[in-house]
Amino acid sequence: MDAIPLFFLLGFLARLARSDLKIPAQLYEALSIYLLLAIGLKGGMELAQQDALRVLPQAVSVMALGVLIPLLAFPVLFKLGRLDRFNAASIAGHYGSVSVVTFAVGVNFLVARGQDYEAYMPLFLVLLEMPGIAVGILLARLGGDFRSIRWGTLAHEIFLGKSMVLLGGGLLVGWIAGPQGLEPLDPFFFTLFKGVLCLFLLEMGLVAASQVPALRTSGLFLALFAVIMPVVSALLGAALGALIGLSAGGALLLATLAASASYIAAPAAMRIAIPEANPGLSITAALVITFPFNILIGIPLYDRIVGLIYGS
Amino acid sequence: MDAIPLFFLLGFLARLARSDLKIPAQLYEALSIYLLLAIGLKGGMELAQQDALRVLPQAVSVMALGVLIPLLAFPVLFKLGRLDRFNAASIAGHYGSVSVVTFAVGVNFLVARGQDYEAYMPLFLVLLEMPGIAVGILLARLGGDFRSIRWGTLAHEIFLGKSMVLLGGGLLVGWIAGPQGLEPLDPFFFTLFKGVLCLFLLEMGLVAASQVPALRTSGLFLALFAVIMPVVSALLGAALGALIGLSAGGALLLATLAASASYIAAPAAMRIAIPEANPGLSITAALVITFPFNILIGIPLYDRIVGLIYGS
Amino acid sequence: MDAIPLFFLLGFLARLARSDLKIPAQLYEALSIYLLLAIGLKGGMELAQQDALRVLPQAVSVMALGVLIPLLAFPVLFKLGRLDRFNAASIAGHYGSVSVVTFAVGVNFLVARGQDYEAYMPLFLVLLEMPGIAVGILLARLGGDFRSIRWGTLAHEIFLGKSMVLLGGGLLVGWIAGPQGLEPLDPFFFTLFKGVLCLFLLEMGLVAASQVPALRTSGLFLALFAVIMPVVSALLGAALGALIGLSAGGALLLATLAASASYIAAPAAMRIAIPEANPGLSITAALVITFPFNILIGIPLYDRIVGLIYGS
Amino acid sequence: MPNTHPCKLVVIVTEAAIEDELAADVMRLGAHGYTTMDVRGQGSHGPRSGLWGADRSIRMEILCDATTSLAITTHVEKAYFKNFAMVLFVADVGVLRPDKFVHHG
Amino acid sequence: MPNTHPCKLVVIVTEAAIEDELAADVMRLGAHGYTTMDVRGQGSHGPRSGLWGADRSIRMEILCDATTSLAITTHVEKAYFKNFAMVLFVADVGVLRPDKFVHHG
Amino acid sequence: MPNTHPCKLVVIVTEAAIEDELAADVMRLGAHGYTTMDVRGQGSHGPRSGLWGADRSIRMEILCDATTSLAITTHVEKAYFKNFAMVLFVADVGVLRPDKFVHHG
Ligand SMILES: Nc1ncnc2c1ncn2[C@@H]1O[C@H](COP(=O)(O)O)[C@@H](O)[C@H]1O
Ligand SMILES: Nc1ncnc2c1ncn2[C@@H]1O[C@H](COP(=O)(O)O)[C@@H](O)[C@H]1O
Ligand SMILES: Nc1ncnc2c1ncn2[C@@H]1O[C@H](COP(=O)(O)O)[C@@H](O)[C@H]1O
Ligand code: NA
Ligand code: NA
Ligand code: NA
């Protein structure tokens, strides 16, 4: 059996059982820096081997998906879920953005099965990180104080936030250096990747379990949303994948990206840009429900969906 | 020459010479998390390839050894050493439990020589971690306030303490995932193991040297105890190894485990469960004397003992 | 293209653009501990394969170079630059000492091109770390309170400072353990080296950019000094390399060492030994100007110089 | 302090081993919150440099009313002073939103 | 305190997300410096254990004169109390070099 | 503060480079202990963000009697104010076990 979800479970159960196991804060930061950089580098390296013009139309449509998802999620949360505008917008933004670790688990799913995928998929991960967050913020301000948006701060938060710099910067470095330039970095950034991912999932398990008490206050609606929304997004992602000519593996990864909700970049950006929103709600949905749902149940499910679409 | 003890010496001497070299606290934590998880995973992986029923009787007798050692140590400390009940019990518990790093050095000793051992030995490490601590705590409360033991807290501290969760959790993950599941984690958890161990030994050298001043107050008796007790325990361990049919390598590791004293899990548990005991005494004995004794002199000595028993 | 300078640029630009990207303080410490130890070990291992007597005269003349450089720099800073005695002496000391990371980038330059060099060069790195600092401190006290130097504290700071213990200690461990003893540590200390170096350069870029505002106050003279001094020192280093019979690769590394200015060991030692000096000045010169100059422009330039001397 | 209201600040420096227990005690005795940080130091139990597990110390500070402050200091003195490295002090400070710190016991 | 001069100490415990913004505010309002550290804790917004990004807290302390102290507390109350986990208190302390902390505004 | 006794709290924020030296000074001048933590901040020497070696700051706090407090502040002013980034303040607090903090010099 694959070890990766087991590490998440170990952390989750340890915390539920009130173990004093903790991942030191700076180790957590070190692990995220490593994962973001490594994924960016990998994507950039593969991009260096592509014809950029061929990838461009795909890239544009993927970004459109990132805009579409929060626009779908917002009315559901606002009207159906009766959340206030700020919370609805913030949560919609989290689901428009993506989770780097869910993506990595998806890649691992394909690698373990020996299935191919477009090696430049991390480019799409980078492209999907931002639009969802930006749309979420705009939705929050649509009401009255639209002019009160501090565009400068907003752009800064989105383009220069830690995760964007590491992912995007890694992508650029990988692109410029190319496979040869990165070869001596292979042992550090690529060979160790999966082991580091396991440690990070242990920590995610601890964190998710620590947020479980918040489930009680977040209500049934949000719990349902956090399971159904990813499936809807995955359908869109898989369909788009087929449309733009990705391989089945690539379509599964795009579905996984669409289904995933951000719990690193989005919370940081939203706390500044929409302070009125309760961060507990979005984090519970994205991290406590959607994240484990995706890595334990979602990815195999999306694989089926892709299988149906691709008729395999 | 093997580099591992040299790193301990480097740390020890640097600190004695009052160098300002420090291992940051969170790096220390990161290193221990890594070592505990890696050893647990290794053991679990090997266990997955064993017939569990064949290992069971061995496991039970190994746990009995973990109960026996503190029962032997306690009267020596209490009567001969004239320590009060709390300190005697606490120290006995430290010696009943085990040191993960000493075990790792023992494994390295065998590997460097190309000698085989039962690959599931980490299981015994996990099993020996707890009984000694539990017996120590019971001994401390034997006097009057026996009913005052908070059994819940105690069980919690023992089974859900950090080291237990990482070792035991690693074991379970390794067992479930098996060799195939762990293969992609090899480069991180197994190939790097010895290098990480060196860094940890550097830190242990720093810590041991920082506790040297406490030697003065702990007295000659404790110093002698910290050298003689490990040898006695190693004899028991080696004999038991032969009895339960371990290979010579396995018997050496069991002797090493028996001889080792805990300085990570036991201090944490004892501080809560026997607050009356002076932590300085047990740490000086376990870390400043027994630990270096074991890795520099003890293991080769126990190897001789095993050689005599196995007639090689 | 080689990836290493790109990581420095990424950090530098991210910080200039006011990204909130940070390398946690303890990760920074962990990375430096690793780099210093790894370089020391490497050098010691190679030294174990040399005839020590053959290396000795080279070592002595290299140390003389470490004394000469600050003696050249001081009058320039004091007379020409009109800095006070304390600042002139402190800066001279920084340039007399060396930068471990610049050295590592130089080694990488050679390795990437497949060019040979004396594998025991890290020995010279260790030997060059201290004399410059000591000379700087003596220069600061030359005025009146020469007897006020606390020789004990000074020697302690120089020989037992963190970087010296890790570099020198690594060298000794590597020497004693030799290639066989270090073999199991290879994957950790040597295979990962370049990846870790990239992370460290990312951090150096962040730090350098954070010191850029100090450029304004440090003045044009210092900026010129920080570009010209390295070239002069590199000329001396290359010439000495030829004199003592190093290969062209070895001479390039000696030139690089001479050209580099310390920004880890020297600032720590100087802050204690010459508290009157403004640490902002020396760090701006060494880290914001000389360091990037060396890794981006200097090393290729010194390679040309060596080429001229060696007539290749 | 024109806009602030009087409040007690209780500060406890002690071994990290009892952090969770102490936090539970403090809440049980009527505090509505606390702030904790990692520290190192020296005292009658010798240096505690905090570089490894057993040697770590914390500093916890609690804003509360005088009654709760008294309850905490009394309890802590009884429960921990004998067996643990510990220092405690109390200061008079001013807070906004005084209700946030009053025990409605 | 024979050699010290009276001064205000403003202490703010809040979410790490607003560290930079808060520091800028404080300097703008007349403080000449501040000291920040990483903390964890619990309050009316529940536990903030600081083990991952969104859950980190800081404690900022500012030495300043009474006017600046009032300006800071008033601003912080208005700008952050509603939407952020936050606690603030003010203490009277004594400093050397009192000029270092007076706002020449 | 019914159960506490008056005591001085001296707090020093300065460069990490002099941590050991300062600790030795403080003990020599009559303190029986101190508590240190890592901080970052800003002051007249500019920002000290603490992200790398030379840029790290510490905050040391010392509980002691008035005489020791005066000795420490006087010494620190003389020995460090000129050349080091440093801030110092003194507060009046209440402690249990007052003997723990009195200098029997
Ligand atoms: N006089 C003091 N001033 C400040 N902190 C102290 C003082 N004495 C002790 N401490 C702190 O409290 C911890 C425990 O003190 P003790 O029980 O005296 O060993 C020490 O490790 C210090 O961190
Ligand atoms: N009574 C208190 N005493 C000390 N610190 C507190 C107190 N209440 C809250 N805090 C701190 O302030 C943060 C935010 O408080 P709150 O807004 O009440 O959630 C908490 O996470 C604690 O670190
Ligand atoms: N007004 C202030 N309030 C709080 N902390 C300060 C203040 N001024 C300076 N500091 C702290 O003391 C350190 C040194 O101050 P300075 O010598 O003014 O640069 C700064 O880095 C801050 O951490
Ligand atoms: Na998404
Ligand atoms: Na044992
Ligand atoms: Na130099």
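Everything numeric in this text was worked out from a predicted model, so none of it was measured. Every residue gets a number counted from 1 within its own chain, in the order that chain's sequence is written. The order in which chains are written sets their letters, starting at A; the order in which ligands are written sets their numbers, starting at 1. At least 70 in pLDDT is required for a residue's local features to be given in this predicted model, at least 80 for side-chain atom pairs to be given and counted, and no such filter applies to totals for whole chains, interfaces and linings, which use all residues. The side-chain numbers reported here are obtained from all heavy atoms of the structure, hydrogens and water having been left aside.

Student: Before we go on, may I ask you to explain the overall build of chain D in this structure?
Tutor: By definition, any uninterrupted DSSP run of H or I lasting at least four residues is a helix, any uninterrupted run of E lasting at least two residues is a strand, and each is numbered from the N terminus. Each helix and strand counted, chain D has 2 helices and 5 strands in total. The globule rule is 2.2 Å times the number of residues to the power 0.38, and the radius of gyration it is compared with is taken over C-alpha atoms. In terms of overall size, chain D behaves like a compact globule, its C-alpha atoms giving a radius of gyration of 14 Å where 105 residues would be expected to give roughly 13 Å. The buried share among the 105 residues of chain D stands at 60%. Contact between two residues is taken to exist if any of their heavy atoms lie within 4.5 Å; hydrogens are not considered. For chain D, contacts bridging at least 24 residues in sequence account for 78% of all contacts bridging at least 6. Under this rule, positive means Lys or Arg and negative means Asp or Glu; His and the chain ends count for nothing. In this description, the location of a charge corresponds to atom NZ of lysine, CZ of arginine, CG of aspartate or CD of glutamate. When the 10 positive and 12 negative side-chain charges of chain D are each reduced to one mean point, those points stand 1 Å apart. A 1.4 Å probe rolled over the protein chains alone gives each residue an accessible area, and that area as a share of the maximum for its type sets the label: buried under 20%, exposed over 50%, partly exposed in between.

Student: Looking at this model, I keep getting lost on the site of ligand 2. Mind explaining?
Tutor: Put simply, a residue is near a molecule or strand once any heavy atom of it comes within 4 Å of that molecule or strand. As a matter of local geometry, ligand 2 sits amid 18 residues, with Leu 63 and Lys 100 of chain D together with Ser 44, His 45 and Met 86 of chain E nearest to it. Looking at what sits near ligand 2, you find residues from chains D and E. Lys 100 of chain D has a polar side-chain atom sitting 2.4 Å from an oxygen atom of ligand 2. Polar contact is defined as a pair of N or O atoms within 3.5 Å, subject to the rule that within protein one atom must be able to donate a hydrogen and the other to accept it, and that residues adjacent in sequence are counted only when both atoms are side-chain atoms. Take His 45 of chain E: an N or O atom from its main chain is 2.8 Å from an oxygen atom of ligand 2. The method behind every accessible area is Shrake-Rupley, applied with a 1.4 Å probe, and residues are considered shielded solely by the protein chains displayed. Protein coverage of the free-state accessible area of ligand 2, which is 480 Å², stands at 98%. When contributions to the shell around ligand 2 are tallied by element, the ones reaching two or more residues are strand 2 (34-43) and strand 4 (57-64) of chain D together with strand 2 (34-43) and strand 5 (86-95) of chain E. When grouped by side-chain class, the residues that make up the shell around ligand 2 number 8 nonpolar, 7 polar and 3 charged. Gly is put with the polar residues, along with every residue not named as nonpolar or charged; the nonpolar set is Ala, Val, Leu, Ile, Met, Phe, Trp, Tyr, Cys and Pro, and the charged set is Asp, Glu, Lys and Arg.

Student: Looking at this model, I keep getting lost on the coordination of the sodium ion (ligand 6). Mind explaining?
Tutor: For a metal with four donors in a tetrahedral arrangement, the ideal angle between donors is 109.5 degrees, while six donors in an octahedron ideally sit at 90 or 180 degrees. Residue and element names in this part refer to chain C. For the sodium ion (ligand 6), the protein coordination sphere consists of Tyr 95 (O), Ser 97 (O), Leu 257 (O), Ala 258 (O) and Ser 260 (O), at 2.4 to 3.1 Å. Here a donor is any nitrogen, oxygen or sulfur atom (N, O, S) within 2.8 Å of the metal, with 3.2 Å used for Na, K and Ca; water is not among the atoms considered, so some sites may look incomplete. All donor residues of the sodium ion (ligand 6) come from one chain, and their arrangement in sequence is Y-x1-S-x159-L-A-x1-S. Of this pair, Ser 97 sits in the loop between helix 4 (85-96) and helix 5 (100-113) while Ala 258 is found in helix 12 (residues 248-259), placing the two residues 161 residues apart along the sequence.

Student: What exactly am I supposed to notice about the coordination of the sodium ion (ligand 4) here?
Tutor: Residues and elements named next belong to chain A. At 2.4 to 3.1 Å from the sodium ion (ligand 4) lie its protein donor atoms, namely Tyr 95 (O), Ser 97 (O), Leu 257 (O), Ala 258 (O) and Ser 260 (O). One chain supplies every donor to the sodium ion (ligand 4), and in sequence these donors are spaced Y-x1-S-x159-L-A-x1-S. In this pair, Ser 97 is assigned in the loop between helix 4 (85-96) and helix 5 (100-113) and Leu 257 in helix 12 (residues 248-259), connecting sequence segments 160 residues apart. A single burial state applies to Ser 97 and to Leu 257, both of which are buried.

Student: In this structure, what is going on with the nonpolar core? I would like to understand it.
Tutor: Buried together is how nonpolar side chains tend to be arranged in soluble globular proteins. Residue types Ala, Val, Leu, Ile, Met, Phe, Trp, Tyr and Cys, when buried and joined through side-chain atoms within 4.5 Å, form a set referred to as a nonpolar core. Counting 387 residues, the largest nonpolar core has Phe 124 and Phe 189 of chain A, Phe 124 and Phe 189 of chain B together with Phe 124 and Phe 189 of chain C as its most contacted members. Setting aside residues up to four positions removed in sequence, Phe 124 of chain A forms contacts with Val 55, Gln 58, Ala 59, Val 62, Leu 246 and Leu 257 of chain A. Of all hydrophobic cores here, the second largest spans 39 residues; its members include Val 11 and Val 87 of chain D together with Met 37 and Val 93 of chain E.

Student: Before we go on, may I ask you to explain the relation of the copies chain A and chain B in this structure?
Tutor: Between the two copies of this chain, the relationship is a rotation about some axis together with a displacement along it. When chain A is fitted to chain B, the best match, at an RMSD of 0.0 Å, comes from turning it 120° and sliding it 0.0 Å along the axis. The superposition of one copy onto the other is thereby described by a three-fold rotation axis. Among all C-alpha atoms of chain A, that of Gln 26 of chain A lies closest to the rotation axis, at 4.0 Å. Here only 8% of the interface residues in chain A have copies in chain B that are interface residues too; the copies meet through unlike faces. Only residues with pLDDT of at least 70 in both copies count here: their C-alpha atoms drive the least-squares fit that superposes the copies.

Student: Would you mind going over the interface of chain A and chain B with me for this structure?
Tutor: Often, the extent of an interface is quoted as the loss of accessible area upon association of its parts. The interface of chain A with chain B comprises 25 residues on the first partner and 25 residues on the second. The term buried area denotes the loss of accessible surface (1.4 Å probe radius) that occurs when two parts are joined, taken as the sum for both partners. Summing both partners gives a buried area of about 2100 Å² for chain A against chain B, and 78% of it is carried by carbon and sulfur. Here chain A is connected to chain B by 5 residue pairs in polar contact (both at pLDDT 80 or more). Only helix 1 (4-16), helix 2 (25-47) and helix 10 (193-210) of chain A provide two or more residues apiece to the side of chain A that touches chain B. Looking at which element gives the most residues to the side of chain A that touches chain B, the answer is helix 10 of chain A, with 6 residues. Per-class residue counts for the side of chain A that touches chain B are 17 nonpolar, 4 polar and 4 charged.

Student: What is the right way to read the packing of aromatic side chains from this model?
Tutor: Given two aromatic rings, one states the distance between the centres and the angle between the planes to describe the pair. Working definition: a ring pair exists when centres of Phe, Tyr or Trp rings (six-membered ring for Trp) sit within 6.5 Å. Plane angles under 30 degrees give stacked, over 60 give edge-to-face, the rest tilted. Within this structure, the stated rule accounts for 42 aromatic pairs over all chains. Between Phe 8 of chain A and Phe 291 of chain A, the aromatic rings sit 5.3 Å apart at their centres with planes inclined by 70°, giving edge-to-face as the arrangement. Taken together, the residues span a long stretch of sequence, with Phe 8 of chain A in helix 1 and Phe 291 of chain A in helix 14 (residues 279-310) at a distance of 283 residues. Taking the relative accessible area as the measure of exposure, Phe 291 of chain A reaches 1% and is therefore buried. Site record: aromatic cluster; members linked through ring pairs are Phe 7 of chain A together with Tyr 34, Phe 188, Phe 189 and Phe 193 of chain B.

Student: Teacher, can you tell me more about the interface of chain B and chain D here?
Tutor: Taken residue by residue, the interface counts 17 residues in chain B and 12 residues in chain D. Counting the surface lost from both chain B and chain D, the interface buries some 1200 Å², and carbon and sulfur atoms represent 58% of this. The working definition used for a salt bridge is a side-chain nitrogen of Lys or Arg within 4 Å of a carboxyl oxygen of Asp or Glu. At the boundary of chain B with chain D, the tally comes to 2 salt bridges. Here Arg 56 of chain D makes a salt bridge to Glu 29 of chain B, at a shortest N to O gap of 2.5 Å.

Student: Can you help me understand empty space enclosed by the protein in this one?
Tutor: Regions of empty space are outlined by a rolling probe, equal in size to a water molecule, passed over the atoms. A 1.4 Å probe that fits into a set of points on a 1 Å grid over the protein atoms alone but cannot get out defines a cavity; an open set with protein on both sides within 12 Å along at least five of seven lines defines a pocket, and lining residues are those with an atom within 4 Å of a point. Grid points are joined across faces, edges and corners, and a volume is the space filled by probe spheres set on the points. Counted according to the given criterion, the structure contains 17 cavities of 30 Å³ or more. Taken together, 27 residues line the largest cavity, and the ones lying closest to its centre are Leu 27 of chain A, Leu 27 and Ala 30 of chain B together with Leu 27 and Ala 30 of chain C. Secondary structure elements with two or more residues in the lining of the largest cavity: helix 2 and helix 10 of chain A, helix 2 (25-47) and helix 10 (193-210) of chain B together with helix 2 (25-47) and helix 10 (193-210) of chain C. Across the lining of the largest cavity, the residue classes break down as 24 nonpolar, 3 polar and no charged. By volume, the second largest cavity amounts to about 360 Å³. Looking at the second largest cavity, it is lined by 26 residues, and the ones nearest its centre are Tyr 34 and Thr 35 of chain D together with Gln 42, Gly 43 and Val 87 of chain E. Contributions of two or more residues to the lining of the second largest cavity are made by strand 2 and strand 4 of chain D together with strand 1 (5-15), strand 2, strand 3 (46-48) and strand 5 of chain E. No other element matches the 4 residues that strand 2 of chain E contributes to the lining of the second largest cavity.

Student: What am I meant to see in the side chain of His 94 of chain C here?
Tutor: Residue and element names in this part refer to chain C. Looking at where His 94 falls in the secondary structure, it is placed in helix 4. A relative accessible area of 1% places His 94 in the buried class. In this structure, His 94 is in contact with Ala 261, Ser 262, Ala 266, Pro 267, Met 270 and Ser 282, ignoring residues within four places of it in sequence.

Student: Before we go on, may I ask you to explain the state of the cysteines in this structure?
Tutor: One covalent bond between the sulfur atoms of two cysteine residues makes up a disulfide. All names here are of chain E. Note that a disulfide, as used here, is simply two cysteine sulfur atoms within 2.5 Å. Summed over all chains, the structure comprises 0 disulfides over all chains. The structure places no disulfide on Cys 64, whose sulfur is separated from the nearest cysteine sulfur, that of Cys 7, by 6.4 Å. A residue is classified by how much of its surface remains accessible, and Cys 64, at 1% relative accessible area, is buried.

Student: In this structure, what is going on with the site of ligand 1? I would like to understand it.
Tutor: Taken together, 18 residues lie near ligand 1, and Ser 44, His 45 and Met 86 of chain D together with Leu 63 and Lys 100 of chain F sit nearest. More than a single chain frames ligand 1: its nearby residues are located in chains D and F. When ligand 1 sits alone it has 480 Å² of accessible area, and the protein chains cover 98% of it. Of the residues that constitute the shell around ligand 1, the class distribution is 8 nonpolar, 7 polar and 3 charged.

Student: Is there a simple way to explain unusual backbone geometry in this structure?
Tutor: Comment: phi is negative for the bulk of residues other than glycine, and the bulk of peptide bonds are trans. Within the chain, Arg 82 of chain A stands out as a residue other than glycine whose phi angle is a positive 55°. In this structure, Arg 97 of chain D is a non-glycine residue whose phi angle is positive, near 45°. Position of Arg 97 of chain D among the secondary structure elements: in the segment after strand 5 (86-95).

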